[in-house]
Each structure stands twice: as C-alpha cells, then as structure tokens.
Amino acid sequence: MEEEKQEGDFRTYKERNWLSYTQRSDFSIYALLAVSLLLSTIFLIVAVSKAVALSSEWTELYAELPKKMVGHDFDLFPCDPNTRQWEYFDGKCYFFSLEKTSWTEARAQCEKRASQLVTIETMAEQNFLQTRTRNERYWIGLTDRIIEGHWQWLDGRDEQTGFTFWKRGEPNDDHLGEDCAHIWNYGEWNDVYCTYPCYYICEKPLRDMRPHQQG
Ligand SMILES: [Ca+2]
Ligand SMILES: [Ca+2]
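Here the structure is a predicted model, which is why all the values come from computation and not from measurement. (Residues numbered from 1 in each chain as written. Chains lettered and ligands numbered in written order. Predicted model: local features only at pLDDT ≥ 70, side-chain atom pairs only at ≥ 80, totals over all residues. Heavy atoms only, no water.)

Helix and strand content of the protein: three helices and eight strands. Ordered by position from the N terminus, the helices and strands of the protein form the series α-β-β-α-β-α-β-β-β-β-β. Burial statistics for the protein: of 215 residues in total, 28% are counted as buried. For the protein, restricting intrachain contacts to residue pairs at least 6 apart in sequence, the fraction spanning at least 24 positions comes to 66%. Of the accessible surface of the protein, which amounts to about 14,700 Å², a share of 57% is contributed by carbon and sulfur atoms. (Helix = DSSP H or I, 4+ residues; strand = E, 2+ residues; numbered from the N terminus. Buried < 20%, exposed > 50% of the residue type's maximum accessible area, 1.4 Å probe, protein only. Contact = heavy atoms within 4.5 Å. Areas by Shrake-Rupley, 256 points an atom, 1.4 Å probe, with all protein chains shown as cover.)

So, in structure tokens, the structure goes:
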C-alpha cells in the first residue's frame, strides 16, 4: 500500500512538474511571438516610411530633370537646342541654308527668320564661317548695288572701314555687273551677279534667340 501511495505521489509530482514546464514553455513561445510581431511591425513601419521618402525624392528628381536637361541643352546649343538649325559663335547665332538661291531671296529668307545676311567683322568670325562653308558659295550681307564700287554691309557698316577678306583681284565687277558678295574658296570673298544661285548665311544676336536673358 505504502509503495502504491509513493508511486502515486511521484506520478502527481511529475505531472505537476510537466504542467508547470509546459506553461513556462507556452509563455516563452508567446513572448517570443509577441517580440517577433513587434519587431516585424517596427521593421514594416521603417521600410514603408523609407519607401515613401525615396518615392518622394524620385518624384522631385524627375520633376526637376526636364528643367535640368533644358538647361544643359542650352549650354551645348545656346542658339537653338530644339532644332539646332542655328549655330552659336561669339555672342551671335548663325543659320547656314541648305538650299541655293539669289542674293535678294536669301536676304528675304533671313528677314523671315528675324535675322539678316551675315556681316563679317573679325578674322575670328571669318574663320568660324569658312570652317563651316567648306569652299561652297554662301551669300553674305555685302553689296554695291546702290553705288557701284561702294561696298556696304546690310547692317549699315562701310566695307572700306572694317574687316575685309576679298579674294585677290576681287571685287572686279566682272561681266553682267557683279554687285553681290559671297564667301568662296578658302572662305575668301568674291563679287558675282546677284541672281547667281548660292547658299546663304543669316545672323542675329544671341539675345534675340533667348529674350529672357536680356539684361
Ligand atoms: Ca559691282
Ligand atoms: Ca567677282
């Protein structure tokens, strides 16, 4: 009897211990789960707030990008970043025609573009133009149609008091009467009759292309 009782007590003791252990174990699991949940929630909140901040930064960056690109394009092509028909040199914009026409029509075409047939004032400008014209004939804004032998630029400057780059022996007012000037081989100038088909160069100040930069 005594042995049975002891065995019963021992069993009860084991069962209590087991129950106590199981309860402690459950508590630990719940605690771990709670901590995990808390950490996950914190992580999620941090991740979401980071994503929102990043998204906002990207939105701002993309909103600024077109403005920055436009600014960059104007740095590279100050005269005309959209079509690039006008080329920049030393504060002015130049248009080189793709078709040949008479001097009178060339002048009209430049006026349509709010510009004038080019006036060449310096060797630097001459160099720029001749690297671009490559021995082709291009009309310039120089004529002696009003008074034969008195060459004048369309902007009113007198040819005799400024820079000149005539070919040797020109202007010669050769046959048919040569009253209009063009750039030719090596960029040198020649007079020819005004209906001769030539390319042409228009010119205007850079400030006329970008009115907002005036000041
Ligand atoms: Ca002449
Ligand atoms: Ca000539």
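From this point on, the discussion continues.
On the secondary structure map, Arg168 appears in the loop between strand E5 (152-153) and strand E6 (180-183). Given the relative accessible area of 81%, Arg168 is considered exposed. For the pair Arg168 and Asn190, spaced 22 residues apart in the sequence, the C-alpha separation amounts to 8.9 Å.

For the rest of this paragraph, the subject is the coordination of the calcium ion (ligand 2). Coordination of the calcium ion (ligand 2) by the protein comes from Glu170 (OE), Asn172 (OD1), Glu178 (OE), Asn190 (OD1), Asp191 (O) and Asp191 (OD), over a distance range of 2.1 to 2.5 Å. Site description for the calcium ion (ligand 2): donor spacing in sequence, E-x1-N-x5-E-x11-N-D. One end of the pair, Asn172, is in the loop between E5 and E6; the other, Asp191, is in strand E7 (residues 189-192), with 19 residues separating them in the sequence. You can call Asn172 partly exposed: its relative accessible area is 34%. The exposure class of Asp191 is buried, given its relative accessible area of 1%. (Donors = N, O, S within 2.8 Å, 3.2 Å for Na, K, Ca; no water.)

In total, this model carries six salt bridges according to the counting rule given. Across the pair Arg157 and Asp155 runs a salt bridge, and its minimum N-O distance is 2.7 Å. The network of salt bridges with shared partners includes Lys92, Glu121, Asp155, Arg157 and Glu203. (Salt bridge = Lys/Arg side-chain N within 4 Å of Asp/Glu carboxyl O.)

Turning our eyes to something else, we now look at the UniProt feature "transmembrane region" (unreviewed entry) in the protein. Sequence positions flagged by UniProt for "transmembrane region" (unreviewed entry) are, in local numbering, residues 27-48. Secondary structure content for residues 27-48 is 100% helix and 0% strand, while the C-alpha to C-alpha distance between its ends is 31 Å. (UniProt positions renumbered as here; feature names shortened; annotations may be inferred.)

On the protein side, the calcium ion (ligand 1) has Asp144 (OD), Asp144 (OD), Glu148 (OE), Glu148 (OE), Asp173 (OD), Glu178 (O) and Asp179 (OD) as donor atoms, found 2.3 to 2.8 Å from it. Mapping the donors of the calcium ion (ligand 1) onto the primary sequence yields the spacing D-x3-E-x24-D-x4-E-D. Overall, Asp144 belongs to the buried group, its relative accessible area being 1%.

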